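If you want the building blocks of each chain, they are given just below.
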Amino acid sequence: MKKIALKDLSALLSLIAETEQIYLPCEKGGQVNYARYEDGVKVDLSTLKTVKSAKEVFFPQSETLYTMYKEGKKIRITQQELQSEDFILFGVRGCDVKGIEVLDKVFLSAPVDSFYSARRDHGTIVSLACGEPEESCFCTVFEVDPTSPAGDVTAWIVGETLYWKANTEKGEALTEKCASLLSDSDCAEVEAEKSKISSILSQLPYTNLSLESWHGEATKEKFSSDLWKELYKPCLGCGTCTFVCPTCQCYDLKDYDTGNGIQKYRCWDSCMYSDFTMMAHGNNRTSQMQRYRQRFMHKLVYFPANNNGMYSCVGCGRCVDKCPASTNIVKVIKAFSEKEGK
């Protein structure tokens with residue numbers, strides 16, 4: 001294990017930035033989101049949860065796929081270049097690392113999404129343990145360990161020191177690059193920090209949330225439940241939950257006339273919208289209740305049914321914090337548990 005004083009963090013980031021781009025939590029306009037590290041940015045590693053998750057680095061909210069040009073009677077197509085340079089994603093919490101693993105199941109399965117795959121190949125993830133989990137957190141329900149999150153490198157901030165442990169070849173390569181600023185350390189301080197975090201986790205209100213009846217075989221049972229007719233009513237269909245979620249992967253494809261060619265781009269979309277996947281014949285889900293049910297059935301039933309039991313929720317609590325109607329996945333799970341007496 002290695003360590004570096006927090007006062008030297010800027011030097012560490014600057015050293016890495018000499019050869020690779022870094023994306024990490026930064027404060028701008030009163031909000032903390034992932035941004036590229038450069039002179040003048042306000043790095044914020046103390047905020048537990050960024051507004052949008054780290055998924056945006058690998059799966060951008062909007063990205064051009066290719067551009068079409070009309071030349072006489074011919075059309076020329078130029079594909080957007082794939083990620084070709086290495087970069088670092090720094091300060092990722094355990095829930096967001098798990099969220100990226102969920103996205104891997106979607107975008108790296110055949111047919112592989114080349115844009116996402118290129119970013120994953122060139123990206124190195126430095127995760128950061130959650131020093132003080134919040135009341136809305138329930139990541140442990142989905143087998144996330146916030147005391148020692150996955151990643152190419154795992155980091156802990158204890159007092160005025162950042163501790164650093166490489167986990168993969170990418171992590172070892174990054175550690176070697178930073179060797180001049182990192183010093184050896186034992187793990188006593190880190191183990192004490194992990195125990196402190198575990199103690200906090202055990203007292204959070206959603207720690208014992210039960211997923212006993214949620215699994216890939218529960219489609220008929222859950223889909224036909226009358227509970228949905230009541231649960232959906234507060235939902236505004238605003239889509240906030242899908243845009244802050246680390247695992248939502250729905251997107252739309254659109255055209256943009258630049259005046260010098262037509263750009264085909266994709267952008268995040270939401271299954272909570274009435275025009276989601278709208279086609280000439282209409283839409284399969286014609287009511288907000290159906291759309292509401294679809295979102296949670298996908299997270300807790302459909303996705304695990306097709307991905308060896310992996311849920312499409314990581315318990316980050318962003319939807320709990322941000323939903324203007326206070327209707328979220330925790331309320332859904334608890335409502336079914338109460339009805340089933342579990």
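Right above here is the structure, for reference.
Residues numbered from 1 in each chain as written. Predicted model: local features only at pLDDT ≥ 70, side-chain atom pairs only at ≥ 80, totals over all residues. Heavy atoms only, no water.

Quick word on the pairing of strand 13 (residues 262-268)
Okay, step 1: Bridge analysis of strand 5 (residues 62-71) against strand 13 gives six bridges, and the strand direction is antiparallel. Bridged to glutamate 63 within strand 13 is arginine 266.
Okay, step 2: Strand direction decides the pairing type here: strand 12 (residues 251-257) and strand 13, joined by seven bridges, are antiparallel. Paired with aspartate 255 across the strands is lysine 264, a residue of strand 13. (Pairing = 2+ DSSP bridges. Helix = DSSP H or I, 4+ residues; strand = E, 2+ residues; numbered from the N terminus.)

Digging into the sheet that holds strand 12
Okay, step 1: Taken in spatial order, the four strands line up as 6-5-13-12 in an open sheet, and their pairing is antiparallel. This sheet does not close on itself; its edge strands, each paired only once, are strand 6 (74-79) and strand 12. Averaged over all neighbouring strand pairs, the angle between strand axes comes to 25 degrees, with direction disregarded.
Okay, step 2: Sheet strands in contact with helix 4 (residues 114-122) are strand 5, strand 6 and strand 13, and its direction is about 130 degrees off that of strand 5. (Axes fitted to C-alpha atoms, helices over the stretch in contact; angles between N-to-C directions. Contact = heavy atoms within 4.5 Å.)

Details of the packing of aromatic side chains
Okay, step 1: All chains considered together, the criterion is met by 17 aromatic pairs.
Okay, step 2: With 6.1 Å between their ring centres and 55 degrees between their planes, phenylalanine 138 and phenylalanine 142 make a pair best called tilted.
Okay, step 3: Members of the aromatic cluster, each reached through a chain of ring pairs, are Tyr23, Phe58, Phe59, Phe87, Phe107, Tyr116, Phe243, Tyr251, Trp268 and Tyr273.
Okay, step 4: Geometry around phenylalanine 58 places arginine 120 over its ring, the cationic atom sitting 5.1 Å from the centre.
Okay, step 5: The ring of tyrosine 251 carries the charged tip of arginine 266 above its face, separated from the ring centre by 4.9 Å. (Phe/Tyr/Trp six-rings, centres within 6.5 Å; stacked < 30°, edge-to-face > 60°. Lys NZ or Arg CZ within 6 Å of the ring centre and 35° of its normal.)

Quick look at the pattern of salt bridges
Okay, step 1: Going through the model one piece at a time under the given rule, you end up with 20 salt bridges.
Okay, step 2: A salt bridge links glutamate 71 to arginine 76; its shortest N-O distance comes to 2.7 Å.
Okay, step 3: Close ionic contact of lysine 233 with glutamate 230 constitutes a salt bridge, the shortest N to O distance being 3.3 Å. Across this residue pair, the class does not change: lysine 233 and glutamate 230 are exposed.
Okay, step 4: Three or more residues joined by partner-sharing salt bridges are found here, namely Glu63, Asp113, Arg119 and Arg266. (Salt bridge = Lys/Arg side-chain N within 4 Å of Asp/Glu carboxyl O. Buried < 20%, exposed > 50% of the residue type's maximum accessible area, 1.4 Å probe, protein only.)

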